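Commentary on secondary and tertiary structure
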Amino acid sequence: MSKYLEKLDELLRQRVDELSEQIRGGHNPQAKVPPMAMLLQAALKNEWETALLTSEWVTNEVDADLRVELCRLAGDEAKHFQLIEARLNQLGGEKNTTVLDERTPLYHFLVKQKSTFDRVVSGPYTREALAVTRNVVFLEHCKSIDDFETIALYDEIQNDEGFHHRVGRKYLEKLIQSDADFDRAVEKMYETLQVIDDIQEMIVMNKGLCRIPGC
Ligand SMILES: [Fe+2]
Ligand SMILES: [Fe+2]
């Protein structure tokens, strides 16, 4: 592994660990875990946006290999959407198309990333690392309430999200070749995490909701 990637992984891990405490609701005594149907509604929204955003990138990515990789990622997120929707329906819930059609600040931020480098850092590498961490917290919650069906569903989803993050790592191993590249990757990673942090803060601190799964 390149020394650059090793250092970047370390910086990512530090920040993601801090954010995962926030997702657990540890910093807000008023934080409450929403009912499962509401958690799955929020999960649907994340999968939906990630599927749409990744598809958007597919249409104009200049790196042919990454383009194919993004097609696969978009397909995975669409699959997650359908699996989660089926579980939501079992629990008596339904998707809310009005909510799905509102775009989040994360979508607006990601859709502005035009270069292969910036896309790999912000999407597969950073966002997917956080998705894995959010799902770890969500799975702990599912285990604490013995929701075995949702556990089985998220074990499958987690395999894919881990793969998505590794796609990002594989590309960055090639793309970061100098100190300048490394600095640019760090900057883009922190920028992405800041956008996610702002959204989470709104959800956890202001609305008091925690343990919502990632894409
Ligand atoms: Fe993903
Ligand atoms: Fe997903």
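This text goes with the structure placed above it.
Focus: the nonpolar core
Counting residues in each nonpolar core, the largest one holds 36 residues, and the members touching the most others are L8, L172, I176 and M189. When contributions to this core are tallied by element, the ones reaching two or more residues are helix 1 (3-24), helix 2 (36-60), helix 3 (64-90), helix 5 (105-111), helix 6 (116-144), helix 7 (148-175) and helix 8 (179-206). By residue number, the principal contributor to this core is helix 8, which donates 8 residues. Here I176 is in contact with Y4, L8, F117, D181, F182 and A185, once residues within four sequence places are set aside. Counting 18 residues, the second largest nonpolar core, distinct from the first, contains L44, I151, L209 and I212.

Examining the packing of aromatic side chains
Taken as a whole, this structure holds 3 aromatic pairs when the rule is applied. Each ring, one from F138 and one from Y154, has its centre 4.7 Å from the other, and the planes form 70 degrees; the classification is edge-to-face. Residue F138 is found in helix 6, and its partner Y154 is found in helix 7; the two are separated by 16 residues along the sequence. Exposure class is identical for F138 and Y154. Each is buried.

Conventions we followed
- Residues numbered from 1 in each chain as written.
- Chains lettered and ligands numbered in written order.
- Predicted model: local features only at pLDDT ≥ 70, side-chain atom pairs only at ≥ 80, totals over all residues.
- Heavy atoms only, no water.
- Core = buried A, V, L, I, M, F, W, Y, C linked by side-chain atoms within 4.5 Å.
- Buried < 20%, exposed > 50% of the residue type's maximum accessible area, 1.4 Å probe, protein only.
- Helix = DSSP H or I, 4+ residues; strand = E, 2+ residues; numbered from the N terminus.
- Contact = heavy atoms within 4.5 Å.
- Phe/Tyr/Trp six-rings, centres within 6.5 Å; stacked < 30°, edge-to-face > 60°.

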